[in-house]
Amino acid sequence: MHETKHEIEKAVLFGVHTGSADYINDCTEESLEELALLAETAGAQVMGVVVQNRPSPDNARYFGEGKIEEMRAFCEDNGADLVICDDELSGIQVRNLEEALGLRVIDRSALIMDIFAGRAKTREGQLQVELAQLRYFLPRLTGSFTGMSRQAGGGGIGGARRGPGETKLETDRRHIRRRIESITQQLSEVVRNRETQRRQRVKNGIRQVAIVGYTNAGKSTLLNYLTSAGVLAEDKLFATLDPTARRLTLPDGASALLIDTVGFIRKLPHHLINAFKSTLEEAKFADVLIHVADASSPHTNENIAVVEELLEKLDASDKPVVTAYNKIDLVESTDFLPPRPNSVSISAKTGLGIDALLQKVCDIMPEGRRRVTVLIPYDKGDIVSRVYETSRVNSEEHTENGTLLDIVTDSRGLSIVSDYIV
Ligand SMILES: Nc1nc2c(ncn2[C@@H]2O[C@H](COP(=O)(O)OP(=O)(O)OP(=O)(O)O)[C@@H](O)[C@H]2O)c(=O)[nH]1
Ligand SMILES: [Mg+2]
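Residues numbered from 1 in each chain as written. Chains lettered and ligands numbered in written order. Predicted model: local features only at pLDDT ≥ 70, side-chain atom pairs only at ≥ 80, totals over all residues. Heavy atoms only, no water.

A. Spotlight on the side chain of glutamine 208. Note that glutamine 208 resides in strand β5 (residues 207–213). Look past the residues within four positions of glutamine 208 in its chain and what remains in contact with it is Arg198, Arg201, Leu257, Ile259, Glu282, Phe285, Ala286, Asp287 and Val288. (Helix = DSSP H or I, 4+ residues; strand = E, 2+ residues; numbered from the N terminus. Contact = heavy atoms within 4.5 Å.)

B. Highlighting the packing of aromatic side chains. If you walk through the whole model with that rule in mind, you get five aromatic pairs. For the pair phenylalanine 14 and tyrosine 62, a centre-to-centre distance of 5.5 Å together with 80 degrees between the ring planes defines the contact as edge-to-face. Of the two residues, phenylalanine 14 sits in strand β1 (residues 9–17) while tyrosine 62 sits in the loop between β2 (44–53) and α2 (65–77), which places them 48 residues apart along the sequence. Taken individually, phenylalanine 14 and tyrosine 62 each receive the classification buried, so the pair is uniform in this respect. Ring centres of tyrosine 136 and phenylalanine 137 lie 5.2 Å apart, and the angle between their planes is 75 degrees; on these two criteria the pair is classed as edge-to-face. Take tyrosine 136 and phenylalanine 137: they sit in the same class, and that class is buried. (Phe/Tyr/Trp six-rings, centres within 6.5 Å; stacked < 30°, edge-to-face > 60°. Buried < 20%, exposed > 50% of the residue type's maximum accessible area, 1.4 Å probe, protein only.)

C. The nonpolar core, seen in detail. Within the largest apolar cluster, 55 residues are counted, with the highest numbers of intra-cluster contacts made by Ile84, Leu111, Phe116, Phe276 and Leu311. Each of two domains, domain 1 (9–170) and domain 2 (205–364), supplies a minimum of three residues to this core. Counting 25 residues, the second-largest nonpolar core is a separate cluster that includes Leu226, Ala324, Ile364 and Met365. (Core = buried A, V, L, I, M, F, W, Y, C linked by side-chain atoms within 4.5 Å. Domains from an automatic or database assignment.)

D. Fine view of the sheet that holds strand β12 (residues 392–399). With antiparallel pairing, three strands are arranged side by side in an open sheet as β11-β13-β12. Each having just a single partner strand, β11 (370–376) and β12 make up the two edges of the open sheet. Neighbouring strand axes in the sheet, compared pairwise and without regard to direction, differ in orientation by 15 degrees on average. Packing against the sheet, helix α14 (residues 381–390) makes contact with β11, β12 and β13 (402–409), and its axis sits at approximately 20 degrees to β13. (Pairing = 2+ DSSP bridges. Axes fitted to C-alpha atoms, helices over the stretch in contact; angles between N-to-C directions.)

Now the structure itself:
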């Protein structure tokens, strides 16, 4: 559609301040700041923000009439190409606003999905984003709702590879439903494979540690520091979309699988949460979580709360967690950081505090998974073979008094060797 490749689109942001105490889900200054960052990440230039104080958005038009007129004038003065709402809009709201403004209207969810679409590298990631976008667009198809991707052609916001392109959006609902079905089926296979892998790991006694946290907190940088994984770490929102797992040896000598995960953000579109469930669920199946929080952010606390809310949604809130206050090299004092159980200050960049972090991970590894040394008399050969069936054996030595084994095992294994622990 557009000829120019690197045309930067000018965007005006808008939202309703309800004045509610729900700082996670309300449109606040923070969430508007973040929306600006998201818009820039997607390649837009933010020209300004229009906010209206009202108890709740208008069902049909989001804003009141006077405010819409004010926004129209503001957009005209600033040569805006599109407006971006901090809340998820209904098809009707989009249609009415587009009509009143004569501009493209998108919302935070569409913007986040657009960024995800541009980031997804693996086939799984791409399918997950496409599924989220299709489910989001389906009920909005009747209107003139187009999303960012459609207009931007080859350049600017939304590249050629961004999720459902023009043709898909213009086809009928039935086609989209079929596509949703097909993707769901393909993804269920991926999920099955993931489950098989997980079971295998549990059987092998490999402990899983998932790194979770707000987007841009430094999760990938930490994984890289610990394992030289070469995972893309960037000063960008949602640099990581596909879980990367690497082996790591913990201070107690046992190896663990360390898993990098998708970053969390305020108002993560629920279609994305659903589509990315299997990816996000890495946290649910981990033995321990490392919650990386950016200590240099002005919103450390709120971001922690957002992550915790999402962990709850994913049924992962009962896991033992180490809070890693990261980017400590950028802050002058750690006094302002809220005290939390099992927290450490680290710099994933310089390595500061990483040893303490790993020690904490070992300390809170769920009981029942322990590293023990056992001495099994030679006349109890059957016990040695049962140990091999149930535990991970680090070393085996034949001593005068029996077989000396260094093992990592769970409660079942412990019950077998309990009489022989040295
Ligand atoms: N100064 C400093 N910068 C850091 C530290 N850790 C990470 N960063 C920087 O913070 C930015 C984000 O880091 P990532 O590791 O990509 O963050 P992430 O949590 O994986 O982000 P997403 O994958 O986007 O969710 C990068 O520019 C890193 O270089 C740190 O300890 N100190
Ligand atoms: Mg990352």
